[in-house]
Amino acid sequence: MMDLLVSRDYYVATFLLLGIGTYVMIASRNLVKKVIGMNIFQTGIFLFFIAAAYVEGGNPPVLTMDAPHVSPLPHVLILTAIVVGVALTAVALGMVVRIYAEYGTLDEETLQEVRGSE
Amino acid sequence: MNVELPLLAFVLGAALATAVLRDVLGAIIAFATYSLGIAVVWVVLQAPDVGLTEAAVGAGVTTVLFLLTIAKTVRPSGERVIERLDWPALGVSVLLVGVLLTTLGALPEIGSPDTAVLTSEVTTYYLENAYSEVEVKNAVTAVLAAYRGFDTLGEAVVVYSAGVGLLVVLGKEVFA
Amino acid sequence: MSESSPETIGEVRNYVESPIIMATVRIVSPFVFTFGLFIMFHGADSPGGGFQGGVIVATVMLMLGIAFGIDPLREWVGESALVAILSVGVAAFLAIGVGTVALGGGFLEYHVIETELGIYHATKYGIEAVELFIGVIVASTITGLFFAIDAGKNDGDSE
């Protein structure tokens, strides 16, 4: 059991990060913290991909270095996903700022009350 | 030699701090720490390209955007340092982690050379032919700009639409 | 910025003029900009590329905004210029991709440039051009998003 956990430590970390991200997204009432939770969830998935590409004793996928190389394909996918992730975060934060300008609060429950009373 | 476990403990600790800190500013700083830790994880996992991006994006740009957002809005105040535990949410996330952990035995060992990712034809083809076909020595760049160039164009257009969308639709009075 | 600050003294200002930050940014920003370009062009043979370099170039704008005030920087850049740069980046990327198709190859199949137009090492230059345009797209987008988030003021001038 312990051996299973240690030999797959990055996958365990991935699952825990997904759990933490989910918790923050659900539990936190502040909209900015929800966005942070989404980011943690996202990096958990990135960790899964990069860990899958890793090979023991491997070098980065730069061909001037000796074989074995780690797989380049997951790196490419995650590289673009990080940049798309920052665009996603920025759009979410832009909306958060507009919500604050409109309703004067970032608290989820207060926001529901304000919207319900309109 | 074995930096993995302390590093993962640091990253998970920073993520936990982000989750439980009540002050949003504190959570943002903990998140920047977390991003920096995860950038080191990428380097340990031999992904320098991803590590470079994460260090610039996660610890740099994202943190600035978060800080700018709370500067423009509010920070919830109160004496409590730690957020009150939300039991239903904790139940959901524990359930999620539990279900995911049951799949752990089916996953290959980290770093073993005969996993599906490493033995697949795609990986070996890219590594063998990247220099002769595309004339670049960094296989990541070869895949990014040549083999999967259409995919990259799609990503670039996603980034473009995010920028134009926020500038044109949300920020109507930005440049008024 | 320093001329306009007395009128807005009563409001909550996020910008604080600091000679230390201004001097540091003035010295550091050209080096960071050069480093960003280096990362962008050096992606072919070592870790790096358009996405990373673009983000680093964008941090120069973030630094300038923090040091000298975001509003003057936004006025100096201007929305139409930013959107124009962004669109040029996407259009140029698309043009390279479709251009290789027009020359009879596949999408981004660079070596047709070499065989059809006789440009030596076209594949390498093609990839570097694509990296440059990705960098332009990423840098201008992040700058734009930074401005857009900043524009949501809490001092009541919107609506």
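Counting restarts for each chain: residues are numbered from 1 in the order of the written sequence. Chains carry letters from A onward and ligands carry numbers from 1 onward, assigned in written order. Only residues with pLDDT of at least 70 are given local features in this predicted model, and only at 80 or more are side-chain atom pairs given and counted; all residues enter the totals for whole chains, interfaces and linings.

- Under the annotation held in an unreviewed UniProt entry, chain C carries the name Cation:proton antiporter and is attributed to Halobacterium bonnevillei.
- According to its UniProt record, chain C has this under Subcellular location (unreviewed entry): "Cell membrane". UniProt positions are given in the numbering used here, feature names are shortened, and annotations may be inferred rather than shown by experiment.

- Going by an unreviewed UniProt entry, chain B carries the name DUF4040 domain-containing protein and comes from Halobacterium bonnevillei.
- Note on chain B: under the UniProt heading Subcellular location (unreviewed entry), the record states "Cell membrane".

1. Things to note about the overall build of chain C
Inference 1: To qualify as a helix, a DSSP run of H or I must reach at least 4 residues; to qualify as a strand, a run of E must reach at least 2; elements of each kind are numbered from the N terminus. Within chain C, the regular secondary structure consists of 6 helices and 0 strands.
Inference 2: Counting helices and strands in the order they occur from the N terminus, chain C gives α-α-α-α-α-α.
Inference 3: We call a residue exposed when 12 or fewer other C-beta atoms sit within 10 Å of its C-beta, buried when the count reaches 20 or more, and partly exposed for counts in between; the C-beta positions come from the backbone. Buried residues in chain C amount to 43% of all 159 residues.
Inference 4: Residue pairs in contact within chain C that sit at least 24 positions apart in sequence constitute 61% of those at least 6 positions apart. We call two residues in contact if the C-beta atoms placed from their backbones are at most 7 Å apart.

2. Quick look at the overall build of chain B
Inference 1: Along its length, chain B carries 8 helices and 0 strands.
Inference 2: Reading chain B from its N terminus to its C terminus gives the helix and strand order α-α-α-α-α-α-α-α.
Inference 3: Atoms counted for the radius of gyration: C-alpha only. Globule rule: 2.2 Å times residue count to the power 0.38. Taken over the C-alpha trace, chain B has a radius of gyration of 21 Å; the compact-globule value for 176 residues is 16 Å, which it surpasses by more than 25%.
Inference 4: When burial is assessed residue by residue, chain B has 43% of its 176 residues classed as buried.

3. Things to note about the UniProt feature "transmembrane region" (unreviewed entry) in chain C
Inference 1: UniProt tags residues 20-41, 53-70, 82-108 and 129-149 of chain C as "transmembrane region" (unreviewed entry).
Inference 2: As annotated, residues 20-41 of chain C has a helix share of 100% and a strand share of 0%, and its two end C-alpha atoms lie 32 Å apart.

4. A closer look at the interface of chain A and chain C
Inference 1: Taken together, the 14 residues of chain A in the interface contact 12 residues of chain C.
Inference 2: Counted by class, the side of chain A that touches chain C contains 11 nonpolar, 2 polar and 1 charged residues. In this classification, Asp, Glu, Lys and Arg are treated as charged, Ala, Val, Leu, Ile, Met, Phe, Trp, Tyr, Cys and Pro as nonpolar, and every other residue, Gly included, as polar.

5. What about the domain arrangement of chain B?
Inference 1: What the domain assignment lists for chain B is domain 1 (1-79) and domain 2 (114-176).
Inference 2: Here the bounds of each domain stem from an automatic or database domain assignment. Here domain 1 of chain B and domain 2 of chain B have C-alpha centroids that lie 24 Å from each other.

6. Here's the deal with unusual backbone geometry
Inference 1: Even without being a glycine, B:Gln46 presents a positive backbone phi close to 65°.
Inference 2: Taking the C-beta count within 10 Å as the criterion, B:Gln46 has 24 such neighbours and is therefore assigned buried.

7. Thoughts on the interface of chain A and chain B
Where interface size is given, it is often the accessible area lost as the parts come together that is meant.
Inference 1: Listed by partner, the interface residues are 70 residues for chain A and 77 residues for chain B.
Inference 2: By residue number, the principal contributor to the side of chain A that touches chain B is helix H4 (residues 72-103) of chain A, which donates 24 residues.
Inference 3: Looking at the side of chain A that touches chain B residue by residue, the class counts come to 50 nonpolar, 15 polar and 5 charged.

8. With respect to the UniProt feature "domain: MrpA C-terminal/MbhE" (unreviewed entry) in chain B
Inference 1: With numbering aligned to this structure, UniProt lists the feature "domain: MrpA C-terminal/MbhE" (unreviewed entry) at residues 119-168 of chain B.
Inference 2: Secondary structure over residues 119-168 of chain B splits into 88% helix and 0% strand, and the C-alpha atoms at its two ends are 46 Å apart.

9. A look at the packing of helix H2 (residues 24-44) of chain B against helix H3 (residues 48-72) of chain B
Residues and elements named next belong to chain B.
Inference 1: The geometry of H2 relative to H3 is characterised by a closest axis approach of 7 Å and an angle of 175° between their N-to-C directions. Relative to H3, the element H2 lies roughly antiparallel. Counting all contacts with H2, which are made through Val24, Leu25, Ile28, Ala32, Ser35, Leu36, Ile38, Ala39, Trp42 and Val43, the residues of H3 involved are Pro48, Val50, Gly51, Glu54, Ala55, Gly58, Ala59, Thr62, Thr63, Phe66, Leu67 and Ile70.
Inference 2: Partitioning the contact of H2 with H3 into residue classes produces 16 nonpolar, 5 polar and 1 charged. Under this scheme, a helix contributes an axis fitted over its contacting stretch, all axes are lines through C-alpha atoms, and angles between N-to-C directions fall in the 0 to 180 degree range. Any angle between 65 and 115 degrees counts as roughly perpendicular, while under 35 counts as roughly parallel, over 145 as roughly antiparallel, and the rest as oblique.

10. Observations concerning helix H2 (residues 50-68) of chain C
Residues and elements named next belong to chain C.
Inference 1: Multiplying one less than the number of residues by 1.5 Å gives the expected span of a helix. Look at H2: 27 Å from first C-alpha to last across 19 residues, which is about the 27 Å you get at 1.5 Å a residue.
Inference 2: With 17 of 19 residues buried, H2 is to be regarded as a mostly interior element.
Inference 3: Phi for glycine 69, located one or two positions after H2, is positive at around 95°.

11. As for H4(A)
Inference 1: In a regular helix each residue adds 1.5 Å, so 32 residues correspond to 46 Å; H4(A) covers 46 Å between its end C-alpha atoms and thus fits that length.
Inference 2: Two residues or fewer past H4(A), A:Gly104 is found with a positive phi of approximately 75°.

12. Here we look at the nonpolar core
Inference 1: In this usage, the nonpolar core is the set of buried Ala, Val, Leu, Ile, Met, Phe, Trp, Tyr and Cys residues whose C-beta atoms join them within 7 Å. Core analysis: the biggest nonpolar cluster contains 137 residues, and A:Ile50, A:Ala51, A:Ala90, B:Val61, C:Ile137 and C:Val138 have the highest contact counts within it.
Inference 2: Of the residues forming this core, the biggest block, 17 residues, is contributed by helix H6 (residues 122-151) of chain C.
Inference 3: Each of domain 1 (1-79) and domain 2 (114-176) of chain B accounts for three or more of the residues forming this core.
Inference 4: Setting aside its immediate chain neighbours within four residues, A:Ala51 contacts A:Tyr10, A:Tyr11, A:Thr14, B:Leu45 and B:Ile110.

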